[in-house]
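An overview of the molecular structure
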Amino acid sequence: MKKLLTLLGALFVLSAAVFAADPACGLWKSIDDKTGEVTAIWKIYEEGGKLFGTIAATTSDPQDVIASACKESYKNFPISGAVNKMKTVGTPWIFNMVKESEGNWKDGNIIDPSNGKMYGCVIKYLKKGEKNKKYTATEPTLAMAGTVGPIQVFQYWVSATEADIKAAQEKNPPKNK
């Protein structure tokens, strides 16, 4: 009986580890690297073994703003339809990221909906105190790199909450209710 309970306990711990979300998944505030201002609240999630990210709330535009600066289509965009007619909020602007290791993703893309530019994308989850380049995380952080060829430009995103989403939505409600 004791062996059975030990075996069941081990299986429980193992199953919890298998189904635990990647640390990159969750809600994150994107921070403008020049101004230090929060630009959006993002939801990063895993689906079908790949990583995606949608804007959950904007911090300076109405929540129903259309990404009209985008092109009509992009290679490997994960949903069908004219991208330049999609809302900024809820569209997967980060897509098809491939897991390299726990918290580290590569070989995907990110589109800046404000200007329509598409970049390669690398995501690295940093624990408090962990370093990336000259940056040291003071809290759990996503090191987000937009890439063009061998050049990587990092932004550092910090954890967000549902309250952050609600505050952004209240500050910038949809124009077309």
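Coordinates for the structure precede this section.
Calculation criteria
- Residues numbered from 1 in each chain as written.
- Predicted model: local features only at pLDDT ≥ 70, side-chain atom pairs only at ≥ 80, totals over all residues.
- Heavy atoms only, no water.
- Helix = DSSP H or I, 4+ residues; strand = E, 2+ residues; numbered from the N terminus.
- Buried < 20%, exposed > 50% of the residue type's maximum accessible area, 1.4 Å probe, protein only.
- Contact = heavy atoms within 4.5 Å.
- Phe/Tyr/Trp six-rings, centres within 6.5 Å; stacked < 30°, edge-to-face > 60°.
- Lys NZ or Arg CZ within 6 Å of the ring centre and 35° of its normal.
- 1 Å grid on protein atoms, 1.4 Å probe; cavity = no way out; pocket = protein on both sides within 12 Å on 5 of 7 lines; lining within 4 Å.
- Points joined across faces, edges and corners; volume = space filled by probe spheres on them.
- Nonpolar A, V, L, I, M, F, W, Y, C, P; charged D, E, K, R; others polar.

In this section: the environment of Glu-47. Checked against the element boundaries, Glu-47 lands in strand β2 (residues 38-47). Among the residues examined, Glu-47 registers a relative accessible area of 51% and is labelled exposed. Considering only alpha carbons, one finds Glu-47 and Phe-95, 48 residues apart in sequence, at a separation of 10.0 Å.

So, about the side chain of Thr-59. One can find Thr-59 in the loop between β3 (50-58) and β4 (92-101). In this structure Thr-59 comes out as buried when scored by relative accessible area, which is 16%. When neighbours within four sequence positions are excluded, Thr-59 is seen to be in contact with Val-38, Thr-39, Ala-40, Ala-168, Lys-171 and Asn-172.

Time to look at the packing of aromatic side chains. A complete count under the given rule lists 8 aromatic pairs for this structure. Ring geometry for Phe-77 versus Phe-95: centroids 5.3 Å apart, planes at 75 degrees, classification edge-to-face. A residue pair is termed long-range when its members are at least 10 positions apart, and Phe-77 in the loop between β3 and β4 and Phe-95 in strand β4 qualify at 18 residues. Using a relative accessible area of 11% as the deciding quantity, one classes Phe-77 as buried. Among the aromatic residues, ring-to-ring pairing joins Tyr-74, Phe-77, Trp-93 and Phe-95 into one connected group. It is Lys-43 that lies over the ring of Tyr-45; its NZ or CZ is 5.7 Å from the centre.

Moving on, we come to the layout of surface pockets. By volume, the largest pocket is sized at about 890 Å³. If you go around the largest pocket, you meet 36 residues; those closest to its centre are Thr-39, Asp-112, Pro-113, Ser-114 and Gln-155. When residues of the lining of the largest pocket are traced back to their parent elements, those giving at least two are β2, β3, β5 (104-111), β6 (118-126), β9 (141-148) and β10 (151-159). For the lining of the largest pocket, the element with the highest residue contribution is β9, accounting for 5 residues. Across the lining of the largest pocket, the residue classes break down as 19 nonpolar, 11 polar and 6 charged.

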